[in-house]
Amino acid sequence: MDLKDLKNRAEKEISLAQNLEALNEISKKYLGKKGEITLVLRSLKDLPITERKKQGQLANQIKKQLEQAINNKDFKTKEDVKDRIDITAPGTRPLQGHLHPITLVKKEVEDIFAKLGFETIEGPEVEDEWHNFDALNIPKEHPARDMWDTFWLKEKGLLLRTHTSPVQVRYMEKNNPPLRIIVPGRCFRYEATDASHEINFYHIEGLMIDKEISASNFKAIMEKFFQEFFKKQIKLRIRPSYFPFTEPSFELDLECLVCGGKGCSVCSKRGRIEMAGAGMVHPNVLKAVNLNPNNWQGFAFGMGLDRLTMMKYKIDDIRLLYSSDLRFLRQF
Ligand code: PHE
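None of the values given here were measured: they were computed from a predicted structure.

What counts and how
- Residue positions are given per chain, counted from 1 along the sequence in the order it is written.
- Note on the predicted model: pLDDT of at least 70 is required for a residue's local features to be given, and 80 or more for side-chain atom pairs to be given and counted; whole-chain, interface and lining totals, by contrast, use all residues.
- Only hydrogens and water are set aside when side-chain values are computed; all heavy atoms of the structure are taken into account.
- Strands here mean DSSP runs of E at least two residues long; helices mean DSSP runs of H or I at least four residues long; both are numbered from the N terminus.
- Here the radius of gyration uses the C-alpha set of atoms, whereas the globule reference equals 2.2 Å times the residue count to the power 0.38.
- Using a 1.4 Å probe on the protein chains alone, a residue whose accessible area is under 20% of its type maximum counts as buried, one over 50% counts as exposed, and one in between counts as partly exposed.
- Contact definition: two residues touch when any of their heavy atoms are within 4.5 Å.
- Charge assignment in this entry is limited to Lys and Arg as positive and Asp and Glu as negative, and neither His nor the chain termini are counted.
- Charged groups are reduced to one reference atom each: NZ for lysine, CZ for arginine, CG for aspartic acid, CD for glutamic acid.
- Each nonpolar core is a collection of buried residues, namely Ala, Val, Leu, Ile, Met, Phe, Trp, Tyr and Cys, held together in the definition by side-chain atoms within 4.5 Å.
- Here a residue is considered near a molecule or strand provided that any single heavy atom belonging to it is located within 4 Å of it.
- By the criterion applied in these results, polar contacts are pairs of N or O atoms within 3.5 Å in which, for protein atoms, one can donate a hydrogen and the other can accept it, and in which residues neighboring in sequence qualify only through two side-chain atoms.
- Shrake-Rupley sampling with a 1.4 Å probe provides the accessible areas, and residues are treated as covered by the protein chains on show and by no other component.
- Lys, Arg, Asp and Glu make up the charged group, whereas Ala, Val, Leu, Ile, Met, Phe, Trp, Tyr, Cys and Pro make up the nonpolar group; the residues left over, Gly among them, are polar.
- Helices are assigned an expected span. That span is 1.5 Å times one less than the residue count.
- This arc corresponds to the set of directions leading from the helix axis out to the C-beta atoms.

(A) Structural view of the overall build of the protein. Along the backbone of the protein there are 12 helices and nine strands. The C-alpha radius of gyration of the protein comes to 41 Å, more than 25% above the 20 Å expected for a compact globule of 332 residues. The dimensions of the protein, computed from C-alpha atoms along their principal axes, are 130 × 45 × 35 Å. Per-residue burial for the protein yields a buried fraction of 42% across its 332 residues. If you take every contact in the protein between residues at least 6 apart in sequence, the share linking residues at least 24 apart comes to 66%. Between the centroid of the 53 positive side chains of the protein and the centroid of its 47 negative side chains there is a distance of 9 Å.

(B) Main features of the nonpolar core. Core analysis: the largest hydrophobic core is formed by 45 residues, its most contacted members being Phe-113, Phe-226, Met-303 and Leu-308. Looking at which element gives the most residues to this core, the answer is helix H9 (residues 215-230), with seven residues. Sequence-distant contacts of Met-303, that is, excluding residues within four places in its chain, are made with Phe-113, Tyr-202, His-203, Ile-204, Met-222, Phe-225, Phe-226, Met-275, Ala-276 and Leu-308. Listed in part, the 26 residues of the second largest apolar core include Ala-135, Leu-136, Trp-148 and Leu-286.

(C) View of the site of the ligand. Not every one of the 15 residues close to the ligand is listed here, only the nearest: Trp-148, His-163, Ser-165, Arg-189 and Gly-302. Take Trp-148: an N or O atom from its side chain is 3.1 Å from an oxygen atom of the ligand. Side-chain polar atom of Ser-165 to a nitrogen atom of the ligand: 2.9 Å apart, as the coordinates give it. When the ligand is considered free in solution it has 320 Å² of accessible area, and contact with the protein chains removes 95% of it. Of all the elements in the fold, those that place two or more residues in the shell around the ligand are strand E5 (200-210), strand E8 (272-281) and strand E9 (297-304). At three residues, the largest contribution of residues to the shell around the ligand is made by E9. Residues that form the shell around the ligand fall into these classes: six nonpolar, seven polar and two charged.

(D) Representation of helix H1 (residues 3-16) in the model. Between the first and last C-alpha of H1 there are 20 Å, a value that for 14 residues agrees with the 20 Å anticipated at 1.5 Å per step. Within H1, burial applies to Leu-3, Leu-6, Ala-10 and Ile-14. All buried residues of H1 lie within an arc of 65° about the axis, which places them on one face of the element. When the buried face of H1 is taken as reference, the exposed residues oriented beyond 90 degrees from it are Lys-4, Lys-12, Ser-15 and Leu-16. For H1, the secondary structure elements touched by its buried residues are helix H2 (20-31), helix H3 (36-42) and helix H4 (49-72).

What follows is the structure, given as structure tokens:
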């Protein structure tokens, strides 16, 4: 029996063993009661004395070495180490998404208006000419159409809505007053971009129709809203303006909260920022949805949701809101 060969075989098998079960088999095969080494040791007695001594020493040595190799066998492969979980190690926080600042502000605005009795309504971003213009007292060829630089679609009479006001019309076509709604939504205008203008932006429309509604209701609601939204008294300025679908029409300005009224890129150095167009709903709009202007009146406003977001978080460029820049977005 070639003991060296036996040793080599055994060592090779030990090194290749994948698990404890396989290792036990090997141990049995070589070191067990009928194991190969055991048999060698047992057969020593048949050898001549000198040979017996030499073989005996060698066999015992190999036996020890194999026992050691089996005891020291470590099944740790690289994979095992990777898979092992150290439950005491500090964890890594999984990346979690969060809401965009415009969405945060939209939700907050909705909540405040809900407390004032306004329901949140949505409408389509692709509009038809009737709802975006005609029903709002802006017939074709009316010069006021130029106020809204429009993205027209190839389909006849369809466009990307230039404001959320068409949803006023859609809602009044289906619902009878008294009513109070707000309509947050995306609008599109074909115009040059700068720190406070984007070709797509968010408006929030407001509409309140009831009996004996006047401009003072509008003022009271807006004062209440801004106070809740900014958690402090805000200086509002209401000045006369023009919109075809309101009469009289107003523009609502806010002291610029980005610069505190000193003048910056957001307010074009004016210290104030236009927050909303508004007015008393024009009788022609009421007539377009079959309401009698002698019985019903109301106010409407369209407020810039982006600008509101910029004032709230002191963001000095509207384009940041649409930039997808994670360094910016991670701050909210
Ligand atoms: N829709 C107007 C705009 O695009 C804002 C507005 C809404 C004005 C409602 C009056 C009433 O600026």
